[in-house]
Amino acid sequence: MNEEITLQGEFITLGQALKEAGIIPSGGAAKPFLAEYEVWVNGELENRRGKKLYPNDHVVIEEIGEITIVTE
């Protein structure tokens, strides 16, 4: 899966991005998901669901796919 998420505002949180990409069913599922899977944001391991993502940020979840944050 390779997904592009278009920002509506200044940023989106990692939890919101996972939900919008269809990886998790709700925002509440972000914390257990991040505890179970390694999620890399711009090459750095990340486990905070509130991590702010900005345009051109790149999220990689091994065995699941990638998310790129873009602007309109």
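Sequence positions are assigned chain by chain, starting from 1 and proceeding in written order. Since the coordinates come from a predicted model, pLDDT governs what is reported: local features require at least 70, and pairs of side-chain atoms require 80 or more to be given and counted, while whole-chain, interface and lining totals use all residues. With hydrogens and water stripped out, all remaining heavy atoms of the structure feed into the side-chain values.

## Description of the pairing of strand E7 (residues 65-70)
In step 1: At least two DSSP bridges between two strands are needed for those strands to be called paired. Comment: elements are numbered from the N terminus, with helices defined as DSSP H or I runs of at least four residues and strands as E runs of at least two. Summarising the sheet, strand E1 (residues 2-6) and E7 pair through five bridges and their orientation is parallel. If you follow Thr6 over to E7, its bridge partner there is Val70.
In step 2: Of the strand pairs in this sheet, strand E6 (residues 58-61) and E7 are connected by four bridges, and their pairing is antiparallel. Looking at E7, one finds that Val60 is bridged to Glu66.
In step 3: Connecting E6 to the next strand, E7, in antiparallel fashion are three residues, including Glu63 with a positive phi near 70 degrees.

## Considering the sheet that holds strand E3 (residues 39-41)
One key point about sheets: their strands pair by backbone hydrogen bonds, in either a parallel or an antiparallel sense.
In step 1: Across the sheet, five strands lie side by side as E1-E7-E6-E3-E4; this open sheet has mixed pairing. Pairing within the sheet leaves two strands with one partner each, and these edge strands are E1 and strand E4 (44-46). Shown here is a sheet whose adjacent strand axes are inclined to one another by a mean of 25 degrees, direction ignored. Every angle, taken between N-to-C directions, lies between 0 and 180 degrees, and every axis is a line fitted to C-alpha atoms, over only the stretch in contact when it is a helix.

## Focus: the pattern of salt bridges
In step 1: Basic side-chain nitrogens of Lys or Arg form a salt bridge, by our definition, when they fall within 4 Å of a carboxyl oxygen of Asp or Glu. One pass over the full model with this rule turns up one salt bridge.
In step 2: For Arg48, the salt bridge goes to Glu46, with nearest N and O atoms at 2.7 Å.
In step 3: The buried label applies to any residue whose accessible area, calculated with a 1.4 Å probe on protein chains only, is under 20% of its type's maximum; exposed applies above 50%, and partly exposed to all values in between. Judged by relative accessible area, which is 9%, Glu46 ranks as buried.

## Quick word on the side chain of Glu46
In step 1: Structurally, Glu46 can be placed in strand E4.
In step 2: Sequence-distant contacts of Glu46, that is, excluding residues within four places in its chain, are made with Leu14, Leu34, Val39, Val41 and Lys51. Only heavy atoms enter the contact rule, under which two residues are in contact if any of them lie within 4.5 Å.

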